[in-house]
Amino acid sequence: MSSDRIVGIDLGTTNSLVAFMEGDTPVVIPGDDGLNLVPSVVALDERDQIIVGNSARKYLIETPERAVYSIKRLMGRGIEDIQDELKLFPFRLAEDMQAGEVLRIKLGDKTFTPPEISAFILRQLKRNAERFFNAPVTKAVITVPAYFNDAQRQATKDAGRIAGLEVLRLVNEPTAASLAYGLDKKQNGIVAVYDLGGGTFDISILKLHDGIFEVISTNGDTHLGGDDIDNLLIRIALDDIKGDMGLDVSRSGEAVATIRKAVIEAKIALSAQASAKLDIEVPGGKRYQREVTREQFEQLIQPIIDRTVGPCKQALKDAKLKPEQIDEAVLVGGSTRIPKVRALVEDMFQRKPHTDLNPDEVVALGAAVQANILSGGSEATENMLLLDVTPLSLGIEVAGGVTDKIILRNSTIPASATQYYTTQVDGQANVAIHVLQGERELAKDCRSLARFDLRGVPPMPAGMPRIEVKFLIDANGILHVSAREQRSGKEAEIEVQPSYGLTDEQVESMILDSFDYAEEDFRQRQVIEARNEAETIMAALDKGKKSPAWEQLTSDERKRIAKLQKALNQVKAEDEYQAIRKAIDALNQGTMRLAELMMDSAVATALKGKTIDQADLGEGPQSGHPVAKADFK
Ligand code: ADP
Ligand code: MG
C-alpha cells in the first residue's frame with residue numbers, strides 16, 4: 001500500500017499502542033523490543049536524550065527527577081485543576097509557572113508541556129510503525145476518553161502535530177473498543193464498555209442505531225485501577241517483611257521497586273493460574289517468600305473492584321436504562337484480565353462480556369478500524385459514520401455573569417446551534433463573547449474556554465443590535481464559535497483555543513524544537529539558552545545596581561554579588577551549559593534580597609500610579625457582555 005497509510009493510536013495513561021488494518025483485520029504493531037505495549041513513560045537520559053517506553057522505566061526509580069509517567073492526567077489542564085494529581089503523583093512543575101499558563105513539567109533541567117511529553121510517546125509509536133512499514137507514517141487516528149473536554153482534546157491534537165502526525169480524527173475510547181468487536185454490524189443495540197486500566201476506571205454506555213455509535217452516558221473514577229491493586233500488595237509485603245524479619249524497607253526506593261515488580265508479576269500470573277509465588281530478595285541477603293492463592297487475592301482486591309459498581313449504576317441511571325437492557329458488554333483495560341473483574345461485569349450487566357480481543361489492545365485496534373474507514377475503507381467499513389456526544393454543555397456569559405447554554409451536554413456531534421443576543425448599553429461598540437463549558441448557572445463556576453470581542457458595532461440604542469452567536473462542534477469534538485451583528489454585518493470568529501491550550505505559534509515552535517532533538521544539537525541549544533539567560537540576569541543586575549535598593553544592601557552583600565557575577569561572566573564564555581546554569585542559580589540566590597527590595601519599591605510606585613494607568617487597562621467604557629434576547633428568532 002501507499003505511504004499515506006493511516007494508523008490508529010491508543011495514547012493511554014499507563015500504556016500506549018499503535019495499530020493498523022491488515023486486510024480486514026486490525027493488528028497491533030510491536031516496538032523494537034517485540035512488545036506491543038509501550039509504557040507511557042518519558043525520561044531524559046544523562047546526555048539529555050529523550051527515552052520512551054520500557055527503557056524509560058528504570059529512570060523512574062534511578063533518577064525520578066528526569067522521568068515522568070501518567071502525563072495524560074495533565075493534558076489540557078491548568079494548575080488549579082490538578083491539585084489532586086500533584087498530591088498523588090510526583091509531577092515536578094516548572095518553578096516559574098503562572099496561573100492561567102500552560103503547565104510545564106521538569107525533566108532534569110528542561111521543561112516540557114504535557115502535549116510535548118505526549119508527543120515524545122507518539123513519536124516513538126510513529127517510529128515503530130515506520131520501521132514496520134519501512135515507509136513514513138504521517139496520519140493517525142488517536143483515541144481519547146469519552147469525558148475529555150475541549151481543552152483535553154485540543155491538547156491531544158496538539159501532541160499529534162508536535163510529533164509530526166496529522167490527526168485525522170479523535171475517537172472516544174469506548175467507541176473504538178466497540179468498533180474493534182465489529183459491534184457496528186449489529187445495527188441496533190445498547191453497549192456497555194467497562195474500562196479498568198492502570199490508574200483510571202471508565203464506564204460508558206453507547207447506543208448503536210443503524211451503524212452509528214452514540215455515547216449516551218459516561219462515568220468512572222480517575223483514581224482507580226491496577227495501580228491500586230499493586231499498591232495494596234506492596235503494602236502487605238512491606239508489613240510482612242517488617243513483621244517477619246524486623247526490617248523496614250519502605251523507604252528504600254530500590255527495595256520498593258523490586259517488590260512492585262514481583263507483586264505485579266504475581267498479580268498477572270493469578271489472572272491465569274490458581275496460585276502464585278512471591279520470592280523477593282530483601283536488602284541484607286534475606287528472602288521474602290510467600291504463596292498467594294487466587295482466593296486470597298480475590299478477597300484482598302474485592303474492596304478495590306467494588307468501587308467500580310457505583311459509577312456503573314450511575315451511568316445506567318443517567319442513560320435511563322436497566323441492566324437487563326444492555327445488549328453487549330465490552331471489556332477494556334489490562335485489569336479486566338482479572339477473572340474476578342470479569343465476573344463482576346457479567347453480574348452487573350447480566351451478560352457475558354466480550355473477551356476475544358486483548359483488553360489492553362482493543363482500543364488501539366478500534367482506532368485502526370476507524371483509520372481504515374477514514375482512508376476510504378474496505379467493503380467491511382464502508383458507509384460507516386461515528387457519532388459521539390459532547391460531555392458538557394457549552395455556552396456564553398451574558399450580562400450579570402450568567403451562563404447561557406447554546407449546546408446542551410450529551411448532544412450528538414457534529415453539532416451546531418445558534419442563539420441571538422443584543423446590547424445592554426446605548427451606543428455599545430464592542431460585545432465581549434466569553435465561551436464557557438459546564439453545567440453551572442454562573443459563569444464563574446463554569447470552565448472558561450475562550451474570550452473574544454465582536455468589535456465595531458455601529459452606534460445603536462441598547463436592545464437594537466441583533467447579534468447572532470453560532471456554535472459548531474466538529475467531528476473531533478472541537479468547538480468553533482462565530483458572532484455576527486446582523487444589521488451591520490460585523491463579524492468575529494474563532495476556533496476555540498482553550499484556556500491552557502497552546503497557540504498555533506507555540507505548537508509550531510514546539511514542532512521545530514522536536515526536530516532539534518532529532519538533530520541531536522540539543523546540548524548546543526542548551527548552551528545558547530543558558531548564555532541568553534545569563535545575559536538577561538546580568539542586565540537586570542546592572543539595572544539593580546543603579547536603583548536605590550542597591551544602597552540598602554550591606555557592603556558584604558554587595559561584595560558577594562560582585563563575586564558571583566564575576567564567576568558567571570567567566571563560565572559564560574565556555575561551552576558547559578550545566579556550569580552556566582549553576583552560576584546563574586548561584587547569582588539568582590545571591591541577588592534574592594536585592595530583587596525583593598527592588599520589588600517593594602516597584603510595587604509602591606505602581607500603587608501610586610494606579611489611577612493614571614487604569615484607564616488603559618479596561619476594554620473601554622462602551623463594552624460589555626451581551627444580553628440574551630430570545631424573541632429575535
Ligand atoms: P491504561 O489504559 O491505563 O493505559 P492498560 O489498559 O494498559 O492501561 O492497563 C494497565 C493495567 O493492567 C496495569 O495495572 C497492569 O498491571 C494491568 N494488567 C495487565 N495485564 C494484567 C493481567 N493479566 N492481570 C491483571 N492485571 C493486568
Ligand atoms: Mg486505556
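Predicted model, so just to flag it, every value in this text is computed and none were measured.

**Details of the overall build of the chain**
Phase 1: Each helix and strand counted, the chain has 18 helices and 29 strands in total.
Phase 2: Scored against the burial criterion, the 633 residues of the chain give a buried share of 51%.
Phase 3: The long-range share in the chain, meaning contacts at least 24 apart out of those at least 6 apart in sequence, stands at 65%.
Phase 4: In the structure as shown, the chain presents an accessible area of about 29600 Å², 49% of it carried by carbon and sulfur atoms.

**Some remarks on the packing of helix α15 (residues 555-572) against helix α16 (residues 577-590)**
Phase 1: Close contact between α15 and α16 brings their axes to 9 Å; oriented N to C, the two are set at 165°. By the criterion of interaxial angle, the relationship of α15 to α16 is roughly antiparallel. Both α15 and α16 take part in a crossing whose hand is left-handed. Of the residues in α16, those in contact with R560, I561, L564, Q565, L568, V571 and K572 of α15 are A579, I580, A583, I584, A586, L587 and G590.
Phase 2: Looking at the contact of α15 with α16, its residues break down into 10 nonpolar, 2 polar and 2 charged.

**Notes on the sheet that holds strand β5 (residues 41-44)**
Phase 1: As summarised here, the arrangement of the 3 strands in space is β6-β5-β7, forming an open sheet in which the pairing is antiparallel. The open sheet has two edge strands with one neighbour each: β6 (50-52) and β7 (67-69). For this sheet, the mean inter-axis angle between neighbouring strands, taken without regard to orientation, is 20°.
Phase 2: Where helix α3 (residues 114-133) meets the sheet, its contacts fall on β5, β6 and β7, and the angle it forms with β6 comes to roughly 65°.

**Focus on the site of ligand 1**
Phase 1: Taken together, 16 residues sit near ligand 1, with T14, N15, K267, S271 and G334 positioned nearest.
Phase 2: Between ligand 1 and the protein, one listed contact pairs an oxygen atom with a backbone N or O atom of T13 at 3.4 Å.
Phase 3: Between an oxygen atom of ligand 1 and a side-chain N or O atom of N15, the distance comes to 2.8 Å.
Phase 4: Taken by itself ligand 1 offers 580 Å² of open surface, and the protein chains cover 88% of this.
Phase 5: When the residues that make up the shell around ligand 1 are grouped by side-chain class, the tally is 2 nonpolar, 11 polar and 3 charged.
Phase 6: Each of domain 1 (6-224 + 307-389) and domain 2 (226-304) contributes no fewer than three residues to the shell around ligand 1.

**Section: the pattern of salt bridges**
Opposite charge on two side chains permits pairing when their charged atoms draw close.
Phase 1: If you walk through the whole model with that rule in mind, you get 25 salt bridges.
Phase 2: The salt bridge partner of R66 is D48, with a shortest N-O separation of 2.7 Å. Of this pair, R66 sits in the loop between α1 (57-62) and β7 while D48 sits in the loop between β5 and β6, and the two are 18 residues apart along the sequence.
Phase 3: Classification of R66 as buried rests on a relative accessible area of 17%.
Phase 4: Residues D360 and R337 are paired through a salt bridge, measuring 2.9 Å at the closest nitrogen-oxygen approach. One end of the pair, D360, is in the loop between α10 (339-349) and α11 (362-374); the other, R337, is in the loop between β17 (328-332) and α10, with 23 residues separating them in the sequence.
Phase 5: Salt bridges sharing common partners tie together R73, R77 and E85.

**Re helix α4 (residues 150-162)**
Phase 1: Across its 13 residues, α4 extends 18 Å between first and last C-alpha, which sits within 8% of the 18 Å expected from 1.5 Å per residue.
Phase 2: The element α4 is largely enclosed, with a buried count of 11 among its 13 residues.
Phase 3: Within α4, the full set of buried residues consists of D150, A151, Q152, R153, Q154, A155, T156, D158, A159, G160 and I162.
Phase 4: Two residues or fewer after α4 comes G164, characterised by a positive phi angle close to 85°.

**Focus: the packing of aromatic side chains**
Phase 1: According to the stated counting rule, one finds 8 aromatic pairs in the structure shown.
Phase 2: Ring geometry for F20 versus F133: centroids 4.9 Å apart, planes at 85°, classification edge-to-face. On the criterion of sequence distance, the pair formed by F20 in strand β2 (residues 15-22) and F133 in helix α3 is long-range, its members being 113 residues apart.
Phase 3: For F20, a relative accessible area of 4% translates into the label buried.
Phase 4: Geometrically, the ring pair formed by F112 and F120 is edge-to-face, given 5.3 Å between the ring centres and 85° between the ring planes. With respect to class, F112 is no different from F120; both count as buried.
Phase 5: Ring pairing ties together the aromatic residues F20, F132 and F133, which thus form one cluster.

**As for the confidence of the model for the chain**
Phase 1: Of the residues in the chain, 88% have a pLDDT of 70 or more, and the chain-wide mean is 86.
Phase 2: Confidence, expressed as mean pLDDT per element, reaches its minimum in the chain at helix α18 (residues 610-617) with 29 and its maximum at strand β4 (residues 38-39) with 98.
Phase 3: When the criterion is pLDDT under 50, residues 380-385 qualifies, and its contacts beyond four places in sequence or with other chains add up to 12 contacts.
Phase 4: A low-confidence stretch, residues 609-621 (pLDDT under 50), is modelled with 3 contacts involving residues beyond four sequence positions or located in other chains.

**Section: the side chain of Q565**
Phase 1: Examined against the element boundaries, Q565 turns out to sit in helix α15.
Phase 2: For Q565, a relative accessible area of 11% gives the class buried.
Phase 3: Excluding residues that lie within four positions of it along the chain, Q565 makes contacts with M538, L541, D542, K545 and L587.

**Comments concerning unusual backbone geometry**
Phase 1: In this structure, N134 is a non-glycine residue whose phi angle is positive, near 55°.
Phase 2: Summarising the element assignment, N134 is placed in the loop between α3 and β10 (139-144).
Phase 3: Assessed through its relative accessible area of 71%, N134 is described here as exposed.

About the cut-offs
Residues numbered from 1 in each chain as written. Chains lettered and ligands numbered in written order. Predicted model: local features only at pLDDT ≥ 70, side-chain atom pairs only at ≥ 80, totals over all residues. Heavy atoms only, no water. Helix = DSSP H or I, 4+ residues; strand = E, 2+ residues; numbered from the N terminus. Buried < 20%, exposed > 50% of the residue type's maximum accessible area, 1.4 Å probe, protein only. Contact = heavy atoms within 4.5 Å. Areas by Shrake-Rupley, 256 points an atom, 1.4 Å probe, with all protein chains shown as cover. Axes fitted to C-alpha atoms, helices over the stretch in contact; angles between N-to-C directions. Parallel < 35°, antiparallel > 145°, perpendicular 65-115°, else oblique. Left-handed = near helix turned anticlockwise from the far one by under 90°. Nonpolar A, V, L, I, M, F, W, Y, C, P; charged D, E, K, R; others polar. Pairing = 2+ DSSP bridges. Near = heavy atom within 4 Å. Polar contact = N/O pair within 3.5 Å; in protein donor to acceptor, adjacent residues only side chain to side chain. Domains from an automatic or database assignment. Salt bridge = Lys/Arg side-chain N within 4 Å of Asp/Glu carboxyl O. Expected span 1.5 Å × (residues − 1). Phe/Tyr/Trp six-rings, centres within 6.5 Å; stacked < 30°, edge-to-face > 60°. pLDDT = per-residue confidence, 0-100.

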